[in-house]
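The primary structure of each chain is shown beneath.
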Amino acid sequence: EDKVVQSPLSLVVHEGDTVTLNCSYEVTNFRSLLWYKQEKKAPTFLFMLTSSGIEKKSGRLSSILDKKELSSILNITATQTGDSAIYLCAKALDSWGKLQFGAGTQVVVTP
Amino acid sequence: NAGVTQTPKFQVLKTGQSMTLQCAQDMNHEYMSWYRQDPGMGLRLIHYSVGAGITDQGEVPNGYNVSRSTTEDFPLRLLSAAPSQTSVYFCASGESGRGQPQHFGDGTRLSIL
């Protein structure tokens, strides 16, 4: 079955910890891999990855794609309570924007 | 700049009722789509459109209809609501043909009794 799998499903960390989230996908119809952050409402875009081995960074967040392993990781360093959210991984199936999402990882950062 | 606007934010329906979820975007995006989000299942694609007059089915289209008469609007219709359609619905839009990330609305929380 063609699907996107995220792990872990949830985790609780303390402020200042580093978090690593995993996403694996099947190669069928792969165009790119996207990460979104979802707090109370709309998912907001974090990264889009198309090339293997090239890290993308934004502040304390970074992400990298491994096309050989069909996976991606999202790292959050020096976590803050504002990082508490659901992090969604999605595979783009075409260049128009058709997305297949994983179930998400719930991250809770405690003070 | 409003982005993607969804209305209503909350709705309670009785089984068998019909309703339309509204979605409008002001970014002149050709691509628009509807997802539903259920606990533990991420977002699943219901229907999408690559431009005015063109729509197609996604992963879970049964029980839903869409139309795209203008670039800005992409309403989702529930013809005869069922409890299984209780969910949070998100509309998204993006620039077509460039692999750009989707912009999401704030969602409509729908409960079917």
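Residues numbered from 1 in each chain as written. Chains lettered and ligands numbered in written order. Predicted model: local features only at pLDDT ≥ 70, side-chain atom pairs only at ≥ 80, totals over all residues. Heavy atoms only, no water.

What follows concerns the overall build of chain A. Along its length, chain A carries 0 helices and 11 strands. When the elements of chain A are put in sequence order from the N terminus, they spell out β-β-β-β-β-β-β-β-β-β-β. On C-alpha atoms alone, chain A measures out to a radius of gyration of 13 Å, which is about the 13 Å that the 2.2 N^0.38 rule sets for 111 residues. Taken over the C-alpha atoms alone, chain A extends approximately 40 × 25 × 20 Å along its principal axes. For chain A, the share of sequence-separated contacts (at least 6 apart) that also reach a separation of at least 24 residues comes to 54%. Of the roughly 5400 Å² of accessible surface on chain A, 50% is carried by carbon and sulfur atoms. (Helix = DSSP H or I, 4+ residues; strand = E, 2+ residues; numbered from the N terminus. Rg over C-alpha atoms; globule rule 2.2 N^0.38 Å. Contact = heavy atoms within 4.5 Å. Areas by Shrake-Rupley, 256 points an atom, 1.4 Å probe, with all protein chains shown as cover.)

Another aspect to go through is the state of the cysteines. Considering all chains together, one arrives at 2 disulfides over all chains under this definition. Here C23 of chain A engages in a disulfide with C89 of chain A; their sulfurs sit 1.8 Å apart. On the sign convention where negative means left-handed, the S-S torsion of about -65 degrees between C23 of chain A and C89 of chain A marks this disulfide as left-handed. With C23 of chain A in strand β3 (residues 19-25) and C89 of chain A in strand β9 (residues 85-92), this residue pair connects regions lying 66 residues apart in the sequence. Across a sulfur-sulfur distance of 1.9 Å, C23 of chain B and C91 of chain B are joined as a disulfide pair. (Disulfide = S-S within 2.5 Å.)

Further remarks concern the sheet that holds strand β1 (residues 4-7) of chain B. All names here are of chain B. The antiparallel open sheet is built from 4 strands, whose spatial order is β1-β3-β8-β7. In the strand order of this sheet, the two ends are held by β1 and β7 (64-66), each with one partner. Between one strand axis and the next, the sheet turns through 20 degrees on average, direction left out of account. Two strands pair when backbone bridges link them, and strand β3 (residues 19-25) and strand β8 (residues 76-78) are joined in this way by 3 bridges, in the antiparallel orientation. Residue M19 lies in a different strand from β8, and its bridge partner there is L78. (Pairing = 2+ DSSP bridges. Axes fitted to C-alpha atoms, helices over the stretch in contact; angles between N-to-C directions.)

Our focus in this paragraph is the sheet that holds strand β8 (residues 71-76) of chain A. Residues and elements named next belong to chain A. Pairing is antiparallel in the open sheet, where 5 strands are placed in the order β1-β3-β8-β7-β6. Pairing within the sheet leaves two strands with one partner each, and these edge strands are β1 (4-7) and β6 (56-58). Here the strands of the sheet are splayed against their neighbours by 15 degrees on average, with no regard to which way each runs. Of the pairings in the sheet, the one linking β3 to β8 comprises 6 bridges and is antiparallel in character. Opposite N22, over in β8, you have I73 as the bridge partner.

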